[in-house]
Structure formats: structure tokens, C-alpha cells
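Reading the structure
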Amino acid sequence: MTRLTRYVTLELLPPLLAGTLLFTAILSFGYFFISSQWLQGVPVALVGQWIAYQVPDTLVKVLPMAVVLMTVVAFGRMSTERELVAVQSGGISLGRVARPAGVVALLVTALSVWLSLWVAPRLNVETRGLYWDVLTGAGLSQLSGKTVDLGDGVTLFMRGYDPATRELQGVRLERWESGNARLGTLTFADRATFENRVLTLRDYRVFRVDFGAAARLPGAARDPLTLPGTVAQTFPAIRSGATLRVDTGLSREETLAKYADAVGADAQGWPELITALTKPGVKAAERDAARVTLNRKLALPFANLVLALAALPFALRYGRTLGVALGLALLLAVAYYLLFFLGLTLAPLLPALPEAGVWLANVVFAALGLTLLRRA
């Protein structure tokens, strides 16, 4: 039995590795092709580093396709060459023969969970920082004229950005009290720099404003005795200076990852998601979004296990040649991803149980695989 396990495993690994390399190369070339017009003159080593940073996230997406290819190619060949018939005639069940495929798929699932929740989010952030700050040199230019949330109740607006000096120009920071929406601190600065999690404001002016008190100013203006007190209540603090350092909730790289691209980077990992789900005071919408994201980051890795099961009956029936096997693998993978994205679309419509939408594709393909195996 040990020899059989070793034999089947050796049949599985080559198509798994080949499929992983093939699909990763295709997606990586797609990333490079889309961005190539902005990478002219960039050293090849930096471009290679930028692509390498995206590999973990790419692997999470392509490993299910590689597992399908592994199953269809390996078991299709063994079925075509009558090896499975010979083994079963010796009293060994198909389930026993297929056990190595389940073990390999389970190991790939564990690897994919680790990449999805711990490795890919961190590297996705570093990828955006490398792209905007180093490869293109645009830096924070994409954020000019936008108001962005830096976390901890701080929002940032800047009129412009100078890539040569890495300075923000015409900066406005806003921070509003959580218990009083009309009481806020507005900070204006001519120039600023943003490194790590620190905004360094130069030539700044800080105004603490109570707009609730400001509503009483027109009436107070008619009474010289109450006007000074009302003004003092409206502006409880005003100060200015040369330099002010502000700690932000997002780092420079995290800000680029979240706001520089049209679609923000997938930067939430296990620590961030668990914090959003368990920390007191988190908004209900953010908690629900974290719940969907965590299930999505688990459901896609478990597709490796589900698709290995679903692909097995197709391999036994149709996986006769490499061309047919590759086509069948792509067809199954595309069908899974279409159903997976459909489930993600349905998840927000099921606020009581969004997991039903996120795990829809896994449940359907697992049921399909079990049903077809019983008939095989």
C-alpha cells in the first residue's frame, strides 16, 4: 500500500507543479502587460521584485486550477491505461487510490490559507508602495484633490503633491469627536511629508471648532456682552507653529494600497479581520464586511479540496489525453469561479447569513463530486 501511495503521489505532483507554474506565469504576464506603459526605463530587477511580490496573491487564485489539472491529468492517464482497473481488480477501492490526491489537496489548502491570511495581504501593501513610490515615482499624486480616511478618525485632503520632494501641498486634516459630530479639529498646513505612519506638517494652523456654538453667533453678534463668550465657545483652541507631527491609523504604503488604485489592494489579513470582528465600537457595516472577507479568504483556499473531489469523476470518464484534460480543467475551474463570484454578489443580500453566499460554490461542487462519484 505504501508503494501504491508513492506511485499515485508521483503521478500527481508533476501536473500540479506544471499547472501552478503555467497559470502563475499567465497571470503575472497579465499584470506586467497592463502596467508596462508606466514601467519604461525601470530596472529589470525592480520589475522582477514587483512581480514576485504579487506571486502569493496569484497563487491563492491559481492553485485551485492547478489542483483540477493535477487530478484530471493523473487519474485520466491511469484510467486510460487501465491501471485503475488493475488496482481495483486486486481488491483496492477507488477511494483508497484517490487518498493521496486528497492529502495533496489538503496540504495545498493549508498553504493557500496561510498565503491568503498572512502573506498576501502584507505583500499586496508592499507591492503598491513599490509601484507608486519606486517604479513610477508618482508617489501620492493619485490622491491629489481627494479626501481619504487615514483611520483613527482622521481624514486627509491635499491640493497637490510634488514627487521630487515627496511633499504634500495645501494639506487639510480633519478629526471629529465620536460623541459630538459638530465638534472637530481642523488642521491646515502649507506643506507636509508622509512617511511610515507619521504626517509631518509644516507651517501649520490648528482650529478646534464647535459648530454647535457657531450656530449661536448671529444672535450673539447683536449682544456685545455675550459675543466674546460665544466666540470662545466656537473656537475653544487655536494655535499655529512651524512643525507638527501627527500619528495616523494608516501607513504611507497602506494609504497607497487602499486609495491610489481604482480598486484597493486586498490588504486585510487575519489580525485586521479578527480585530474588526471582535473590537468593541466597530461599525456594523465594517464588521459585516470583515465577516464576508474572512469567509472569502477561507472559502477560496478550500476550493482546492473541493475541486479535487469534483474533478475526479470527470477525470475517470473524460481525461483521456493531455489536451482534453487541460480543457476539462479550465472548464471546471471557470465554472467554479463564476459560481464563486456569483455567491460573493449574493452575500451582501443575505445580511443574516452571508456565509451562505460565500461558500455556495464549494457546497455545490462538493455535492456534484460526491454525486458523480457514486455513479462512477
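Residues numbered from 1 in each chain as written. Predicted model: local features only at pLDDT ≥ 70, side-chain atom pairs only at ≥ 80, totals over all residues. Heavy atoms only, no water.

Now for the nonpolar core. For soluble globular proteins, the rule of thumb is that nonpolar side chains tend to be buried together. Formed by 56 residues in total, the largest nonpolar core has its most connected members in Leu 12, Phe 75, Tyr 336 and Phe 365. For this core, the secondary-structure elements that each account for two or more residues are helix 1 (2-35), helix 3 (55-80), helix 4 (83-89), helix 5 (94-135), helix 11 (284-318), helix 12 (322-346) and helix 14 (360-375). The dominant element in this core, judged by the number of residues it contributes, is helix 3, at 14 residues. In contact with Leu 12, not counting residues within four places along its chain, are Met 70, Ala 74, Phe 75, Pro 100, Ala 101 and Val 104. Core analysis: the second largest hydrophobic core is formed by 33 residues, Tyr 131, Leu 135, Leu 150 and Tyr 259 among them. (Core = buried A, V, L, I, M, F, W, Y, C linked by side-chain atoms within 4.5 Å. Buried < 20%, exposed > 50% of the residue type's maximum accessible area, 1.4 Å probe, protein only. Helix = DSSP H or I, 4+ residues; strand = E, 2+ residues; numbered from the N terminus. Contact = heavy atoms within 4.5 Å.)

For the structure on display, the rule yields 13 aromatic pairs. Centroid distance Trp 176 to Phe 211: 6.0 Å. Interplanar angle 35°. Geometry classified as tilted. With a gap of 35 residues between them, Trp 176 in strand 3 (residues 167-177) and Phe 211 in helix 6 (residues 211-214) connect regions that are remote in the sequence. Trp 176 gets classed as partly exposed once you look at its relative accessible area, which sits at 31%. With a centroid separation of 6.3 Å and an interplanar angle of 25°, the aromatic rings of Tyr 337 and Phe 341 are classed as stacked. Of the two residues, Tyr 337 and Phe 341 both sit in helix 12, 4 residues apart, roughly one turn of that helix. The class for Phe 341 is partly exposed, based on a relative accessible area of 46%. (Phe/Tyr/Trp six-rings, centres within 6.5 Å; stacked < 30°, edge-to-face > 60°.)

Feature annotation in UniProt assigns "transmembrane region" (unreviewed entry) to the following positions: residues 12-34, 58-76, 97-120, 298-316, 328-350 and 356-373. Overall, residues 328-350 shows 83% helix and 0% strand. The separation of its end C-alpha atoms is 33 Å. The straight-line gap between the two end C-alpha atoms of residues 356-373 is 25 Å; of that span, 94% is helix and 0% is strand. (UniProt positions renumbered as here; feature names shortened; annotations may be inferred.)

Quick look at unusual backbone geometry now. Phi at Arg 82 is positive, roughly 65°, even though this residue is not glycine. Topologically, Arg 82 is positioned in the loop between helix 3 and helix 4. You will see that Asn 196, though not glycine, has its phi angle at about 55°, which is positive.

Moving on, we come to the packing of helix 1 against helix 2 (residues 44-53). Where helix 1 contacts helix 2, the axes come no closer than 10 Å and their chain directions differ by 125°. When the axes of helix 1 and helix 2 are compared, the pair comes out oblique. Here the hand of the crossing between helix 1 and helix 2 comes out right-handed. On the side of helix 1, the interface is formed by Ser 28, Tyr 31, Phe 32 and Ser 35, while helix 2 contributes Val 47, Trp 50 and Ile 51. Per-class residue counts for the contact of helix 1 with helix 2 are 5 nonpolar, 2 polar and no charged. (Axes fitted to C-alpha atoms, helices over the stretch in contact; angles between N-to-C directions. Parallel < 35°, antiparallel > 145°, perpendicular 65-115°, else oblique. Left-handed = near helix turned anticlockwise from the far one by under 90°. Nonpolar A, V, L, I, M, F, W, Y, C, P; charged D, E, K, R; others polar.)

Before going further, it helps to examine the sheet that holds strand 1 (residues 147-151). Strand order in the open sheet formed by 6 strands is 1-2-3-4-5-6, with antiparallel pairing between adjacent strands. Across the chains shown, the open sheet's two edge strands, defined by having one partner strand only, are strand 1 and strand 6 (237-247). Direction aside, the axes of adjacent strands within the sheet are offset by 30° on average. Bridge count between strand 2 (residues 154-162) and strand 3: 8 bridges; the pairing is antiparallel. Its bridge partner lying in strand 3, Tyr 161 is registered against Leu 168. (Pairing = 2+ DSSP bridges.)

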